[in-house]
Amino acid sequence: MTRTLRVVALTLGAVALAACGSLLTTVDGSGAHYGLLRGTVTRASGGPVANAAVGVSCVGTTNEPFGLTVDADATGKFQTNVNAPSIFPPLSGPSYTCRVLTPYTGVPLAEKSITILVSTSANARPVTEVSLVVP
């Protein structure tokens with residue numbers, strides 16, 4: 001009887017470890033995709049555009065757009081996570097075709113079309129960099 005209890009305890013311990021291990025994985029199984037976008041907003045003269053309002057609009061295989069906004073800091077630098085839900089499947093790569101612009105309200109002073117690479121792992125986000133130059 002003691003041996004049976006030890007085997008059951010070891011088996012339950014292995015199951016618990018396996019379950020904990022699966023909780024530590026960064027692939028969430030939701031079909032979401034993750035990326036990191038960072039960049040700068042500068043003037044044509046070279047100076048930073050402090051607190052620039054940056055907008056990002058992306059499309060994948062369905063051509064249904066999703067977007068996000070981020071504000072640059074005092075030095076014109078910005079960084080934001082790109083978290084695309086599974087309802088927005090990416091293009092092959094996997095990636096999204098995106099338009100980055102500033103400001104994101106009104107008429108943009110600067111815009112650029114880019115490809116943002118993504119991963120199914122929230123902790124292994126590919127980094128995409130972009131520079132926007134306003135007149």
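Description of the structure in this document. All of these numbers come straight from a predicted model, not from anything done at the bench.

**Comments concerning the nonpolar core**
- Among the nonpolar cores identified, the biggest contains 25 residues, and Leu 37, Val 41, Val 56, Phe 78, Tyr 96, Val 100 and Ile 116 are the most heavily contacted of them.
- Counting only elements with at least two residues in this core, the list comes to β1 (33-43), β2 (53-59), β3 (66-71), β4 (77-84), β5 (95-102), β6 (110-117) and β7 (127-134).
- Ile 116 has contacts with Leu 37, Val 56, Cys 58, Val 82, Pro 94, Ser 95, Tyr 96, Cys 98 and Thr 128, leaving out every residue within four places of it along the chain.

**Topic: unusual backbone geometry**
- At the junction of Gly 93 and Pro 94, the peptide bond is cis and its omega measures out at -20 degrees in the coordinates.
- Relative to the helices and strands, Pro 94 resides in the loop between β4 and β5.
- Phi at Asn 63 is positive, roughly 65 degrees, even though this residue is not glycine.
- Relative to the helices and strands, Asn 63 resides in the loop between β2 and β3.

Calculation rules
Residue numbers here run from 1 along each chain, matching the order of that chain's written sequence. Confidence filtering applies because this is a predicted model: local features only for residues at pLDDT of at least 70, side-chain atom pairs given and counted only at 80 or more, and all residues used for totals across whole chains, interfaces and linings. The side-chain values count all of the structure's non-hydrogen atoms but skip hydrogen atoms and water molecules. For the purposes of this section, nonpolar cores are sets of buried Ala, Val, Leu, Ile, Met, Phe, Trp, Tyr and Cys residues that join through side-chain atoms within 4.5 Å. Classification of residues uses two cut-offs on accessible area relative to the type maximum, computed with a 1.4 Å probe and protein chains only: under 20% is buried, over 50% is exposed, and between them is partly exposed. The helix and strand labels rest on DSSP assignments: H or I over at least four residues marks a helix, E over at least two residues marks a strand, and numbering proceeds from the N terminus. Residues count as neighbours in contact if any of their non-hydrogen atoms are within 4.5 Å of one another.

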